[in-house]
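# Examination of the molecular architecture
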Amino acid sequence: MMFNWHDFDVVFQAKPDYSFDNKTVEGINKHRREAGELFFDRIWRSIGLTRPSRNNYPPRTNQDLRNIWSKIVQSSAPDEQKLALLFYLLRDCRHLSNADSNFARRTYLPQKYQLLVAGLWELDHGQFARALEHLTDPSLTPTFADDILFTLLQHPKCDRALASAYYIAVSPPLKDPKTLGAYFSLLLRNNMVEAYYFAKRQDHLQHKKLFEELIVTMHQEDPSPDHAQRAAIVVGLPLTSEEDGWFEECLLNGAGSKLPGAKDSVIARRIALGRSTSDISSLNRLGGEDIDGVNWDYVKTGISGTVPH
């Protein structure tokens with residue numbers, strides 16, 4: 001006998017008066033507030049349902065649950081997409097033993113949909129490591145990849161290392177500017193060199209924008225031995241001639257020109273490349289502080305031929 005998944009009473013035969021308990025409802029609402037938007041909301045829109053999903057999910061009563069089930073069933077989406085969202089709902093029915101797995105088995109829901117929905121459900125419920133076990137499965141075609149990465153980057157309770165792991169495993173397209181920006185910010189915090197090469201792989205306009213962001217970010221950091229090391233790394237990057245021009249323009253006339261050490265970085269790079277520094281008036285103001293073992297008094301000595309006092 002064919003399983004009639006359209007009929008709520010058939011699916012919930014064991015408990016047709018089922019409703020979400022208060023703990024489940026409050027937990028879902030809490031996670032929505034933390035994330036801003038749930039992946040349930042995104043799937044809801046993807047099957048052509050236009051009324052806001054937050055008005056329907058989570059359902060508080062049995063009638064609410066019946067109503068949301070009916071709306072999904074009656075949508076114009078392909079059956080597999082409907083089944084995927086119903087499968088998501090059943091994962092919330094924790095007091096119905098194996099309701100989700102039984103539903104998937106009886107409806108022949110493809111494994112790829114089960115993996116995707118299970119991962120998105122875990123994300124929506126704040127279980128980030130478990131989510132990635134599903135969402136990085138090699139057999140899964142990446143879906144909502146930019147949104148997933150952005151959630152991992154922005155969620156207040158998510159370890160950012162998981163975002164890095166997801167990016168490496170899945171290679172999201174980063175078509176969404178907010179996701180690209182958030183991921184680049186993570187790279188800037190973790191590894192300036194990696195951030196530099198990431199910027200180089202973008203199109204020309206994005207390359208220049210991210211490169212300048214790297215330069216500005218480094219100069220906005222508070223002085224410290226770690227900052228001095230990062231500054232030395234940035235000054236020593238193997239820039240192309242075009243990037244070298246961006247570097248100087250940013251620090252002499254652009255967004256970084258008013259930041260501490262801006263002209264000093266230009267001078268340091270020119271010295272490293274054996275170029276003239278005579279046209280940069282800030283040279284005479286440099287002095288005293290050791291940066292990675294280099295003392296500016298001795299650098300000036302080598303340039304001017306004078307003896308430091």
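Per an unreviewed UniProt entry, the protein chain goes by ELYS-like domain-containing protein and derives from Exophiala oligosperma. One UniProt comment on the protein chain, placed under Subcellular location (unreviewed entry), says "Nucleus".

### Here we look at the overall build of the protein chain
Summing up its helical and strand segments, the protein chain has 17 helices and two strands in all. In the protein chain, buried positions account for 45% of the 309 residues. A sequence separation of at least 24 residues applies to 59% of the contacts in the protein chain between residues at least 6 apart. Element-wise, carbon and sulfur atoms account for 51% of the exposed surface of the protein chain, whose accessible area totals about 16300 Å².

### Remarks on unusual backbone geometry
Here the residue pair Tyr57 and Pro58 is connected by a cis peptide bond, since its omega of 5° sits within 30 degrees of zero. Checked against the element boundaries, Pro58 lands in the loop between helix H3 (39–46) and helix H4 (62–73). At Tyr108, a residue that is not glycine, the phi angle is positive and equals roughly 60°. Along the chain, the position of Tyr108 falls in the loop between helix H6 (99–107) and helix H7 (111–124). When its relative accessible area of 71% is taken as the criterion, Tyr108 is described as exposed. For Leu174, which is not glycine, the phi torsion reads 55° and is therefore positive. Tracing the chain through its elements places Leu174 in the loop between helix H10 (160–170) and helix H11 (177–190). Take Leu174: its relative accessible area is 10%, and that puts it in the buried class.

### What to know about the side chain of Thr107
One can find Thr107 in helix H6. Here the side chain of Thr107 touches Phe103 through a polar contact of 2.7 Å, landing on its backbone oxygen. For Thr107, the residues in contact, after removing those within four places along its chain, are Phe3, Trp5 and Leu83.

### A closer look at helix H14 (residues 225–235)
Think of an α-helix as turning once every 3.6 residues; residues three or four places apart then point the same way. Residues of H14 that are buried: His227, Ala228, Arg230, Ala231, Val234 and Val235. Along the long axis of H14, the arc covered by the buried residues comes to 165°, so they all point the same way.

### Quick word on helix H2 (residues 22–35)
The terminal C-alpha atoms of H2 lie 20 Å apart, and with 14 residues this matches the ideal 20 Å at 1.5 Å per residue to within 8%. Within H2, burial applies to Thr24, Val25, Ile28, Asn29, His31 and Arg32. Viewed along the axis of H2, the buried residues span an arc of 160°, placing them on a single side of the element. In H2, the exposed residues that point more than 90 degrees away from the buried face are Asn22, Lys23 and Arg33. Buried residues along H2 sit against H3 and H7. The backbone nitrogen of Lys23 lies 3.0 Å from a side-chain oxygen of the residue at the head of H2, namely Asp21. Downstream of H2 by a residue or two, Gly36 has a phi angle that is positive, lying close to 90°.

### A closer look at the environment of Asp41
As for its placement among the helices and strands, Asp41 is situated in helix H3. Remark: the alpha-carbon pair of Asp41 and Tyr57, spanning 16 residues in sequence, is separated by 8.5 Å. Setting aside residues no more than four positions away along its own chain, Asp41 makes contact with Arg32, Ser53 and Arg54. Side-chain polar atoms of Asp41 contact the side chain of Arg32, separated by 2.7 Å.

### As for a nonpolar patch on the surface
Taken together, the side chains of Val193, Tyr197 and Ile233 make up a nonpolar region of the molecular surface, amounting to roughly 230 Å² of accessible area. Of the residues examined, Val193 reaches a relative accessible area of 31% and is grouped as partly exposed.

### Topic: the nonpolar core
In terms of nonpolar packing, the biggest core is built from 88 residues, with Phe12, Trp69 and Phe103 touching the most fellow members. Among the elements that take part in this core, helix H5 (residues 79–91) stands out by supplying eight residues, more than any other. Contact partners of Phe12, with chain neighbours within four places excluded, come to Tyr18, Leu65, Trp69, Leu90, Cys93 and Leu96.

### Here's the deal with the confidence of the model for the protein chain
Looking at the protein chain as a whole, its pLDDT mean stands at 89, while 89% of the residues score no less than 70. Scored below 50 in pLDDT, residues 282–292 shows 26 contacts in the model against residues more than four places distant or in partner chains. Low confidence marks residues 298–309, where pLDDT is under 50. Its contacts with residues over four positions away, or in another chain, come to 14 contacts.

Conventions adopted
- Residues numbered from 1 in each chain as written.
- Predicted model: local features only at pLDDT ≥ 70, side-chain atom pairs only at ≥ 80, totals over all residues.
- Heavy atoms only, no water.
- UniProt positions renumbered as here; feature names shortened; annotations may be inferred.
- Helix = DSSP H or I, 4+ residues; strand = E, 2+ residues; numbered from the N terminus.
- Buried < 20%, exposed > 50% of the residue type's maximum accessible area, 1.4 Å probe, protein only.
- Contact = heavy atoms within 4.5 Å.
- Areas by Shrake-Rupley, 256 points an atom, 1.4 Å probe, with all protein chains shown as cover.
- Polar contact = N/O pair within 3.5 Å; in protein donor to acceptor, adjacent residues only side chain to side chain.
- Arc of directions from axis to C-beta.
- Expected span 1.5 Å × (residues − 1).
- Patch = residues over 30% accessible without salt bridge, like charges linked within 9 Å, V, L, I, M, F, W, Y side chains within 5 Å.
- Salt bridge = Lys/Arg side-chain N within 4 Å of Asp/Glu carboxyl O.
- Core = buried A, V, L, I, M, F, W, Y, C linked by side-chain atoms within 4.5 Å.
- pLDDT = per-residue confidence, 0-100.

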